[in-house]
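Spelled out, the chains give:
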Amino acid sequence: MTFDNTTNKLVKTQVSELIQARHSNLVKLKFSDREIITTDDHPFWTEGENWASLNPTKSNNNYDQDTEVKQLVVGDKIFVASENKFIDVIDIEEIEDEQMTFTLELTLRNNFIANGLLVKTESPKWMN
């Protein structure tokens, strides 16, 4: 699923590519009801209608962005599209070990749902 910001509704889309890579720049974002392991540069949709990551410099330098990715910090609220609400980041934990990660390219829109959270696709600048 992807999220249409103009209608505020979830929309079906197709995955055009599943991208796998091993990463060592991983963090665990913790919430009261869930957690997600992500790369430090992967953008999340936050309250105030901003994309934010733990490493916005890398996000902005390496990936095509419509708007500047902001700094994500404990206390920021990330969007849960299926519940139409924002939830607080209560802790950020660095992951020591390298792990296999997965991200998606889509046929429609530039965002998708991961562990219930709205995240941005990561299209490398060199591809466009």
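In this text, all values refer to a predicted model and were calculated from it rather than measured experimentally.

Student: Break down the sheet that holds strand E4 (residues 26-30) for me, with residues and values.
Tutor: Adjacent strands of a sheet pair through backbone hydrogen bonds, lying either parallel or antiparallel. Taken in spatial order, the three strands line up as E5-E4-E11 in an open sheet, and their pairing is antiparallel. Both edges of this open sheet fall to strand E5 (35-39) and strand E11 (91-94), since each of them pairs with a single strand only. On average, each strand axis in the sheet is inclined to that of its neighbour by 25°, with strand direction left out of account. In the sheet, E4 pairs with E11 via four bridges, with the strands oriented antiparallel. Considered in E11, the bridge of Lys30 is made with Asp91.

Student: Can you break down the packing of aromatic side chains residue by residue, with the values?
Tutor: Remark: the centre distance and the inter-plane angle together describe each pair of aromatic rings, the angle taken between the planes. If you walk through the whole model with that rule in mind, you get three aromatic pairs. Taking 5.0 Å as the distance between ring centres and 65° as the angle between the ring planes, the aromatic pair formed by Phe3 and Phe79 counts as edge-to-face. Of this pair, Phe3 sits in strand E1 (residues 2-4) while Phe79 sits in strand E9 (residues 77-80), and the two are 76 residues apart along the sequence. For the pair formed by Phe3 and Phe79, the shared burial category is buried.

Student: Talk me through the nonpolar core; I want residue IDs and the actual numbers.
Tutor: Among the nonpolar cores identified, the biggest contains 16 residues, and Leu29, Phe31, Ile36, Phe44, Ile78 and Leu117 are the most heavily contacted of them. Among the elements of the structure, E4, E9, strand E13 (111-114) and strand E14 (117-120) are those that each provide at least two residues to this core. Among residues more than four places away in sequence, those in contact with Phe31 are Ile36, Ile78, Ile87, Asp88, Val89, Ile90 and Leu117. Grouped together as the second largest cluster of nonpolar side chains are seven residues, Phe3, Val69, Phe79 and Leu118 included.

Student: Could you give an account of the environment of Asp97, with specific residues and numbers?
Tutor: By the element assignment, Asp97 lies in the loop between E11 and strand E12 (99-106). Judged by relative accessible area, which is 55%, Asp97 ranks as exposed. Taking C-alpha positions, Asp97 is 8.1 Å from Leu26, a pair spaced 71 residues apart along the chain. Each residue touching Asp97, except ones within four places of it in the same chain, is listed here: His23 and Leu26.

Student: Tell me about the pattern of salt bridges, residues and numbers included.
Tutor: It is possible for side chains bearing opposite charge to pair when their charged atoms get close. Under the definition given, this model contains eight salt bridges. With a shortest N-O distance of 2.5 Å, Arg109 and Asp4 are connected by a salt bridge. Of this pair, Arg109 sits in the loop between E12 and E13 while Asp4 sits in strand E1, and the two are 105 residues apart along the sequence. On the accessibility criterion, Arg109 (36% relative accessible area) is partly exposed.

Reading the values: the criteria
- Residues numbered from 1 in each chain as written.
- Predicted model: local features only at pLDDT ≥ 70, side-chain atom pairs only at ≥ 80, totals over all residues.
- Heavy atoms only, no water.
- Pairing = 2+ DSSP bridges.
- Helix = DSSP H or I, 4+ residues; strand = E, 2+ residues; numbered from the N terminus.
- Axes fitted to C-alpha atoms, helices over the stretch in contact; angles between N-to-C directions.
- Phe/Tyr/Trp six-rings, centres within 6.5 Å; stacked < 30°, edge-to-face > 60°.
- Buried < 20%, exposed > 50% of the residue type's maximum accessible area, 1.4 Å probe, protein only.
- Core = buried A, V, L, I, M, F, W, Y, C linked by side-chain atoms within 4.5 Å.
- Contact = heavy atoms within 4.5 Å.
- Salt bridge = Lys/Arg side-chain N within 4 Å of Asp/Glu carboxyl O.

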